[in-house]
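# Observations on chain architecture
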Amino acid sequence: MIKDTAYELKLPKEMGKVHPVFHGSLLKAFVDSDRHEQPPAPLLVDDDTYFIVDKVLKHRVRGGKRKKSGKKVPAGKRRYDFLVSWQGFGSEYNCWVKEEDCTEVLVNEYWAEKGGRPQ
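Residues numbered from 1 in each chain as written. Predicted model: local features only at pLDDT ≥ 70, side-chain atom pairs only at ≥ 80, totals over all residues. Heavy atoms only, no water.

### Regarding the packing of aromatic side chains
Operational definition: The aromatic pairing rule takes the rings of Phe, Tyr and Trp, using the six-membered ring of Trp, and pairs them if the centres are within 6.5 Å, calling planes under 30 degrees apart stacked, those over 60 edge-to-face and the rest tilted. Elements are defined by DSSP. Helices are runs of H or I of four residues or more, strands are runs of E of two residues or more, and each kind is numbered from the N terminus. With a 1.4 Å probe rolled over the protein chains alone, any residue whose accessible area is under 20% of its type maximum counts as buried; one over 50% counts as exposed, and the rest are partly exposed. Each ring is checked for a lysine NZ or an arginine CZ that lies within 6 Å of its centre and within 35 degrees of its normal; such an atom marks a charge sitting over the ring.
Tallied over the entire structure, the rule returns six aromatic pairs. Taken together, a centroid distance of 5.7 Å and an interplanar angle of 75 degrees make the contact between Phe 51 and Phe 89 edge-to-face. Here Phe 51, found in the loop between β4 (48-50) and β5 (53-62), pairs with Phe 89, found in the loop between β6 (79-86) and β7 (95-98); they are 38 residues apart in sequence, far enough to count as distant. Taking the relative accessible area as the measure of exposure, Phe 51 reaches 42% and is therefore partly exposed. Among the aromatic residues, ring-to-ring pairing joins Tyr 80, Phe 82, Tyr 110 and Trp 111 into one connected group. Arg 60 extends its terminal NZ or CZ atom over the ring of Trp 96, reaching a point 4.2 Å from the ring centre.

### Observations regarding the nonpolar core
Note the threshold: Here, the term nonpolar core denotes a set of buried Ala, Val, Leu, Ile, Met, Phe, Trp, Tyr and Cys residues that are joined through side-chain atoms within 4.5 Å. Any two residues having at least one pair of non-hydrogen atoms within 4.5 Å are treated as being in contact.
Of all hydrophobic cores here, the largest spans twelve residues; its members are Val 56, Tyr 80, Phe 82, Val 84, Trp 86, Phe 89, Val 97, Cys 102, Leu 106, Val 107, Tyr 110 and Trp 111. Those elements giving two or more residues to this core turn out to be β6 and α1 (104-113). Ignoring sequence-local partners within four residues, the contact set of Cys 102 consists of Phe 82, Val 97 and Val 107.

### Re a nonpolar patch on the surface
Note the threshold: A patch consists of residues exposed above 30% relative accessible area that lack any salt bridge, with like charges linked at up to 9 Å and nonpolar side chains (Val, Leu, Ile, Met, Phe, Trp, Tyr) linked at up to 5 Å. A 1.4 Å probe and the Shrake-Rupley method give the accessible areas. Residues count as covered only by the protein chains that appear here. Any carboxyl oxygen of Asp or Glu within 4 Å of a side-chain nitrogen of Lys or Arg constitutes a salt bridge here.
A contiguous nonpolar surface patch, about 350 Å² in accessible area, is contributed by Leu 43, Val 45, Tyr 50 and Ile 52. Along the chain, Leu 43 falls in strand β3 (residues 43-45). A residue is classified by how much of its surface remains accessible, and Leu 43, at 43% relative accessible area, is partly exposed.

In structure tokens, the structure reads:
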């Protein structure tokens, strides 16, 4: 504790650019869960690291309006992000992935489940 409301944390080296002092209201006590197994190791293919998507949970539109004119972008030119869950990982690892970083099969399965791509 630095002051009554500020705490300095020991952070891993990978987080070297993160300032280690936080206001107490941003911190919460660690609660141990029943989940103690390690997440699965990534797949290594041609020196690239891959994780397996379990499911696409939802989508959001990127660039819904053009910045200069304020007009809506036509449906065919919209870009989407997808919230994905990863096989073997808890929901705390869910994250948004750009459409261009998803496989075509994954995107098509998601839109088919939703009744088709928005118009």
